[in-house]
Amino acid sequence: MTVAERLIVASNRLPVVLDRTPGEGWKVSRGSGGLVTALEPVLREREGTWIGWPGVSEDELPEVDSVLERESGRIGYRVRGVGLTPREEEDFYLGFSNQVIWPLFHDFQTQCNFDPTFWRAYREVNRRFAKVIARESAPNDFIWVQDYHLMSVAEELSQRPSRRRTGFFLHIPFPPLDLFVKLPWRFTLLRSLLHYDLIGFQTARDRNNFIHCVQTLAPDVTVEGEGRVVEVRIGERVVRVGAFPIAIDFDEFADSAASNAVSERVARLWSEFPGRQIILGVDRLDYSKGIPHKLQGFRLALERYPSLQEKVSLVQLVIPSREDIPEYHAIRTEIERLVGRISGEFTRPGWVPIHYQYGRWDREELIAHYRAARINLVTSLKDGMNLVAKEFSAASLEGDGVLILSEYAGATAQLQQDAILVNPYDVEDVAEAIHTACTMPEEERRARMGRIRDKIRKEDIFWWVDVFLKAARGEDLGEWSSLDAYQPPAPPGFFDAVGTASS
Ligand code: GDG
């Protein structure tokens, strides 16, 4: 891509959120998050466009288009909407995306609802995205599609008269072959993905799973090369496939953590937990995050090590998510039952073992909790990356925080040397990790956190956008640590098996 070529980003949701206030018309608020922060400067520089669902129905779209047009002028790049009918929101978003792909790709095959209506809606919505992308782009533009909602967009685009160059990044894991083959539309979906020119995964685990699926299910395809980006050949076409671990805006988190407003909140939190270590959990409500496993591990740690009682508190934030899906409702009930049980068993006058909140914090409150906490406990049963682990480390300004990280989080590929790793299915392992983290000497804590922070400072979200776009141009990507040759203290091949292999 030369500088003159424009960048078009497509994602399920737009980086602007629209709300209709009765009597006042549409109110626009800006989305936040690392991806938006990192892509915005590139979109401005490349006369870019972001295409996505603004959260409104198709009928409202003409009205909303003029609001988006005005917003585009203000933010310096174009935003364009794709409308969904309420039925499509059900079948494409809650249905295929979140009751087929999400559970299957996170190894929860039994949670899948393989309803053919969902698949048809998925194809239809992907076709509509392709139509809007084709209308809003020129043949030289580079189209960067984000995430599992839009895996068929490149195929839909390829059926239109002029070709576009496309890249795709999957934010969630890609499953191993024996799970992927459970999908009734496995051949079609895999072939759809192969219409992209570049496919990016979070880790080598996911990329290798994808390659294995391709080699088995599409035998006319050949795979060449090794290293971080390999080439898949289908006739004359070449698809580049790589692992690009997503990152955060490190400086923004570190600077916010140092701000006066956050420092005041940190001081308040420390005074609310006098002489106690805060163990922090921040997870979206989701069965993939292993929240019940975390609670069970914490319970066992308190039982096995009574010296921890009254000395540590688990602050667990659960962010509401996908509440219209019954499994999400069930997991919330399970979490709240466990919190009640553990509180009933251990609470003493002046000490509450778990501070549980179901809701959202504003950004300052979130960053204040990151900075105030001694330990961040991440027990995902499977996770594409887990940005919370990186955000906690960036905000850990005292430099003595400890990260307990699930072996099954994508972030483990980069941080395995310095985090305490746990198998969340092993309740004793989680309890031991909590005890180790609570009693770790300060010098060791500082050394580990220092190395984690160096790594995520260097490989931040701007670096991530840059390497993905370089890979799209076929350029050399230089060295980076997430694919270094470190071997953890485990039997040879162990990390290949659990999927967080570093090479
Ligand atoms: C998917 C993949 C992958 C959380 N609570 C609040 C809040 N947050 C923000 C955090 C963080 C984000 O939500 C959560 O990101 P995660 O990466 O932990 O998890 P998912 O939402 O499941 O994200 C994941 C990611 O995509 C990116 O590729 O890492 O594996 O599943 O950024 O800061 N933000 C605010 N208040 C809260 O209460 N403001």
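Remember, it's a predicted structure, so these values are computed and weren't measured experimentally. (Residues numbered from 1 in each chain as written. Predicted model: local features only at pLDDT ≥ 70, side-chain atom pairs only at ≥ 80, totals over all residues. Heavy atoms only, no water.)

## Thoughts on the overall build of the chain
Part 1 of the reasoning: On a plain count of helices and strands, the chain comes out with 19 helices and 17 strands.
Part 2 of the reasoning: Since a compact globule built from 503 residues should have a radius of gyration of about 23 Å, the 23 Å found for the chain is in line with a globular shape.
Part 3 of the reasoning: The principal-axis extent of the C-alpha atoms belonging to the chain is close to 70 × 65 × 45 Å.
Part 4 of the reasoning: Within the chain, buried positions represent 60% of all 503 residues.
Part 5 of the reasoning: A fraction of 76% describes how many contacts in the chain between residues 6 or more apart in sequence connect residues 24 or more apart.
Part 6 of the reasoning: On the chain, roughly 19700 Å² of surface is accessible, and the fraction owed to carbon and sulfur atoms is 49%.
Part 7 of the reasoning: Across the chain, the 61 positively charged side chains and the 74 negatively charged ones have centroids separated by 1 Å. (Helix = DSSP H or I, 4+ residues; strand = E, 2+ residues; numbered from the N terminus. Rg over C-alpha atoms; globule rule 2.2 N^0.38 Å. Buried < 20%, exposed > 50% of the residue type's maximum accessible area, 1.4 Å probe, protein only. Contact = heavy atoms within 4.5 Å. Areas by Shrake-Rupley, 256 points an atom, 1.4 Å probe, with all protein chains shown as cover. Lys, Arg positive; Asp, Glu negative; His and termini not counted. Charge placed at Lys NZ, Arg CZ, Asp CG, Glu CD.)

## Here we look at the site of the ligand
Part 1 of the reasoning: Near the ligand you find 20 residues, and of these His-171, Trp-361, Asp-383, Leu-387 and Glu-391 are the closest.
Part 2 of the reasoning: One of the side-chain nitrogen or oxygen atoms of His-171 is found 2.7 Å away from an oxygen atom of the ligand.
Part 3 of the reasoning: A distance of 2.8 Å separates an oxygen atom of the ligand from a polar backbone atom of Leu-387.
Part 4 of the reasoning: Isolated, the ligand exposes 730 Å² of accessible area, and the fraction of that covered by the protein chains is 81%.
Part 5 of the reasoning: Mapped by element, the contributors of at least two residues to the shell around the ligand are strand S12 (277-284), strand S13 (312-319), helix H13 (363-372) and helix H14 (387-395).
Part 6 of the reasoning: Per-element accounting of the shell around the ligand gives the leading share, three residues, to H14.
Part 7 of the reasoning: A breakdown of the residues in the shell around the ligand according to their chemical character gives eleven nonpolar, four polar and five charged. (Near = heavy atom within 4 Å. Polar contact = N/O pair within 3.5 Å; in protein donor to acceptor, adjacent residues only side chain to side chain. Nonpolar A, V, L, I, M, F, W, Y, C, P; charged D, E, K, R; others polar.)

## Notes on the sheet that holds strand S14 (residues 354-358)
Part 1 of the reasoning: With parallel pairing, six strands are arranged side by side in an open sheet as S14-S13-S12-S15-S16-S17. Edge positions in the open sheet fall to S14 and strand S17 (420-422), since each of these has one partner strand only. Geometrically, the sheet is characterised by an average inter-axis angle of 20 degrees between neighbouring strands, direction not taken into account.
Part 2 of the reasoning: Against the sheet, H13 engages S12 and S13, with an angle of about 140 degrees to S12. (Pairing = 2+ DSSP bridges. Axes fitted to C-alpha atoms, helices over the stretch in contact; angles between N-to-C directions.)

## Side note on the nonpolar core
Part 1 of the reasoning: Core analysis: the biggest nonpolar cluster contains 99 residues, and Phe-174, Phe-210 and Ile-434 have the highest contact counts within it.
Part 2 of the reasoning: Of the domains in this structure, domain 1 (7-243) and domain 2 (250-458) are the two that each give at least three residues to this core.
Part 3 of the reasoning: In contact with Phe-174, other than residues within four places in its own chain, are Phe-105, Phe-180, Leu-190, Leu-193, Phe-201, Asp-206, Asn-209, Phe-210 and Cys-213. (Core = buried A, V, L, I, M, F, W, Y, C linked by side-chain atoms within 4.5 Å. Domains from an automatic or database assignment.)

## Comments concerning the pattern of salt bridges
Part 1 of the reasoning: Summed over the entire model, instances satisfying the criterion amount to 51 salt bridges.
Part 2 of the reasoning: Between Arg-205 and Asp-206 there is a salt bridge, with the nearest N and O atoms lying 3.1 Å from each other.
Part 3 of the reasoning: On the accessibility criterion, Arg-205 (5% relative accessible area) is buried.
Part 4 of the reasoning: The salt bridge partner of Arg-268 is Glu-272, with a shortest N-O separation of 3.5 Å. Here Glu-272 and Arg-268 lie together in helix H10 (residues 260-272), a separation of four residues that amounts to about one turn.
Part 5 of the reasoning: Members of the salt-bridge network, linked through shared partners, are Glu-58, Glu-88, Arg-123, Glu-124, Arg-127, Arg-128, Glu-155 and Glu-156. (Salt bridge = Lys/Arg side-chain N within 4 Å of Asp/Glu carboxyl O.)

## Quick word on unusual backbone geometry
Part 1 of the reasoning: Phi at Glu-47 takes a positive value of approximately 45 degrees, unusual for a residue other than glycine.
Part 2 of the reasoning: Looking at where Glu-47 falls in the secondary structure, it is placed in the loop between helix H1 (34-45) and strand S4 (49-53).
Part 3 of the reasoning: Here Glu-47 falls in the exposed class, since its relative accessible area comes to 58%.

## Describing the packing of H13 against H14
Part 1 of the reasoning: It is at 8 Å that the axes of H13 and H14 come closest, and there the two elements cross at 70 degrees. Regarding the angle of H13 to H14, the classification is roughly perpendicular. Contact with H13, carried on its side by Leu-366, Ile-367, Tyr-370 and Arg-371, involves Val-388, Glu-391, Phe-392 and Ala-395 of H14 and no other residues of that element.
Part 2 of the reasoning: When its residues are assigned to classes, the contact of H13 with H14 shows six nonpolar, no polar and two charged. (Parallel < 35°, antiparallel > 145°, perpendicular 65-115°, else oblique.)

## Here's the deal with a negative patch on the surface
Part 1 of the reasoning: A contiguous patch of negative charge on the surface is contributed by Glu-89, Glu-90, Glu-323 and Asp-324.
Part 2 of the reasoning: Examined against the element boundaries, Glu-323 turns out to sit in the loop between S13 and helix H12 (326-346). (Patch = residues over 30% accessible without salt bridge, like charges linked within 9 Å, V, L, I, M, F, W, Y side chains within 5 Å.)

## Section: the domain arrangement of the chain
Part 1 of the reasoning: Domains assigned within the chain are domain 1 (7-243) and domain 2 (250-458).
Part 2 of the reasoning: Measuring from the centre of the C-alpha atoms in domain 1 to the corresponding centre in domain 2 gives 31 Å.
Part 3 of the reasoning: Together domain 1 and domain 2 conceal approximately 1500 Å² of surface at their shared face, both sides included; 59% is due to carbon and sulfur atoms.
Part 4 of the reasoning: Across the contact surface, domain 1 and domain 2 share one salt bridge.
Part 5 of the reasoning: Of the charged contacts, one joins Lys-382 and Asp-107 as a salt bridge, the two residues approaching to 3.2 Å between their closest N and O atoms.
Part 6 of the reasoning: Applying the counting criterion to the domain 1 and domain 2 interface returns six residue pairs in polar contact (both at pLDDT 80 or more). (Buried area = accessible area lost by both parts, 1.4 Å probe.)

## Observations concerning the packing of H14 against helix H17 (residues 442-458)
Part 1 of the reasoning: Their axes nearest at 9 Å, the elements H14 and H17 cross at an angle of 110 degrees. As the angle between them shows, H14 and H17 are arranged roughly perpendicular. By crossing handedness, the relation of H14 to H17 is classed as left-handed. Of the residues in H17, those in contact with Lys-390, Phe-392, Ser-393, Ala-394 and Ala-395 of H14 are Met-449, Ile-452, Arg-453 and Ile-456. (Left-handed = near helix turned anticlockwise from the far one by under 90°.)

## Things to note about the packing of aromatic side chains
Part 1 of the reasoning: Under the criterion given, the structure shown has 22 aromatic pairs.
Part 2 of the reasoning: Arranged with centres 6.4 Å apart and planes meeting at 85 degrees, the rings of Phe-169 and Phe-468 form a pair that is edge-to-face. Here Phe-169, found in strand S7 (residues 165-169), pairs with Phe-468, found in helix H18 (residues 461-472); they are 299 residues apart in sequence, far enough to count as distant. We note that Phe-169, like Phe-468, is buried.
Part 3 of the reasoning: Ring pairing ties together the aromatic residues Phe-92, Phe-96, Trp-119, Tyr-122 and Trp-185, which thus form one cluster.
Part 4 of the reasoning: In this arrangement the basic side chain of Arg-363 is found over the ring face of Phe-253, its NZ or CZ atom lying 4.6 Å from the centre. (Phe/Tyr/Trp six-rings, centres within 6.5 Å; stacked < 30°, edge-to-face > 60°. Lys NZ or Arg CZ within 6 Å of the ring centre and 35° of its normal.)

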